[in-house]
Amino acid sequence: EDKVVQSPLSLVVHEGDTVTLNCSYEVTNFRSLLWYKQEKKAPTFLFMLTSSGIEKKSGRLSSILDKKELSSILNITATQTGDSAIYLCAVEAGLWSSGSARQLTFGSGTQLTVLP
Amino acid sequence: ETGVTQSPTHLIKTRGQQVTLRCSSQSGHNTVSWYQQALGQGPQFIFQYYREEENGRGNFPPRFSGLQFPNYSSELNVNALELDDSALYLCASSLDNSAGFTEAFFGQGTRLTVV
């Protein structure tokens, strides 16, 4: 059974701090890892990492995939109160062919709180 | 903001009733998946539709069923509602482009409460 574990479960920081969120996985036939930010309802897409794209960056957010360690980190620099949210990590696994199902296995998320 | 829209946003049903949730996929996407997110948990995969057929299912009973229409919109139907079905239901659309899947974009979800 595919498994995704995120740590820490929750984190409280002050504005301006840098945070690192962790995601580890145990899956068969890894295909991609996706990061989402969930504030109220809809998870908002952040990054998708694959074997051909193991590092992504967008503004203050960046993410790295370590296929050897079966893990990924999400870094947020110069945090702002607007970064407060649940950050979800999801892994796509399985042999792929066109028309096959894409099942994302999610971790439980990291609740990030940024204090002013 | 994604192009994935869901309706209704909130719903209250009584145990034993049936419910239909709707999702309109992002333009150009041909795959829609449904997820159930209980409070404090990550989303759990229910099933996926591709070209109007279910092509994958998670660990959910048959009373969870769905449809995908030619315009790639989708429905999730749940029969014989149970209290444990109370959750946020999310749909996600992506594109199967014959080389893999693109990013999956989620709708804002439907909050279902079963009383």
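See the structure printed just above.
In this report, the structure presented in the accompanying data block is examined. (Residues numbered from 1 in each chain as written. Chains lettered and ligands numbered in written order. Predicted model: local features only at pLDDT ≥ 70, side-chain atom pairs only at ≥ 80, totals over all residues. Heavy atoms only, no water.)

**A short note on the overall build of chain A**
A tally of helices and strands in chain A yields 0 helices and 11 strands. In chain A, the succession of helices and strands from N to C terminus is β-β-β-β-β-β-β-β-β-β-β. Computed over C-alpha atoms, the radius of gyration of chain A comes to 14 Å, within 12% of the 13 Å expected from 2.2 N^0.38 for 116 residues, which places it in the range of a compact globule. The buried share among the 116 residues of chain A stands at 44%. (Helix = DSSP H or I, 4+ residues; strand = E, 2+ residues; numbered from the N terminus. Rg over C-alpha atoms; globule rule 2.2 N^0.38 Å. Buried < 20%, exposed > 50% of the residue type's maximum accessible area, 1.4 Å probe, protein only.)

**Quick word on the sheet that holds strand E6 (residues 55-58) of chain A**
All names here are of chain A. The sheet built from 5 strands is open, its strands ordered E1-E3-E8-E7-E6 with antiparallel pairing. At either margin of the open sheet sits one strand with a lone partner, and together these are strand E1 (3-7) and E6. Geometrically, the sheet is characterised by an average inter-axis angle of 15° between neighbouring strands, direction not taken into account. Of the strand pairs in this sheet, strand E7 (residues 61-66) and strand E8 (residues 71-76) are connected by 6 bridges, and their pairing is antiparallel. (Pairing = 2+ DSSP bridges. Axes fitted to C-alpha atoms, helices over the stretch in contact; angles between N-to-C directions.)

**Overview of the interface of chain B and chain A**
Frequently, the measure chosen for interface size is the accessible area that the parts lose on association. At the interface, 32 residues of chain B touch 22 residues of chain A. Note on chain B versus chain A: buried area summed over both sides is about 2100 Å², and carbon and sulfur give 56% of it. Here chain B is connected to chain A by 0 salt bridges. On inspection of chain B and its partner chain A, the count reaches 4 residue pairs in polar contact (both at pLDDT 80 or more). For the side of chain B that touches chain A, the secondary-structure elements that each account for two or more residues are strand E4 (31-37), strand E5 (44-50), strand E6 (53-57), strand E9 (87-94) and strand E10 (105-106) of chain B. Broken down by class, the residue content of the side of chain B that touches chain A amounts to 11 nonpolar, 17 polar and 4 charged. (Contact = heavy atoms within 4.5 Å. Buried area = accessible area lost by both parts, 1.4 Å probe. Salt bridge = Lys/Arg side-chain N within 4 Å of Asp/Glu carboxyl O. Polar contact = N/O pair within 3.5 Å; in protein donor to acceptor, adjacent residues only side chain to side chain. Nonpolar A, V, L, I, M, F, W, Y, C, P; charged D, E, K, R; others polar.)

**Quick notes on the pattern of salt bridges**
Overall, the coordinates contain 7 salt bridges over all chains when judged by the stated rule. Residue Glu39 of chain A pairs with Lys37 of chain A through a salt bridge whose shortest N-O separation is 3.9 Å. Residues Glu75 of chain B and Arg22 of chain B are paired through a salt bridge, measuring 3.6 Å at the closest nitrogen-oxygen approach. In this pair, Glu75 of chain B sits in strand E8 (residues 74-78) while Arg22 of chain B sits in strand E3 (residues 19-24), placing the two residues 53 residues apart along the sequence. Among the ionic contacts, a cluster of salt bridges with common partners joins Arg63, Glu82 and Asp85 of chain B.

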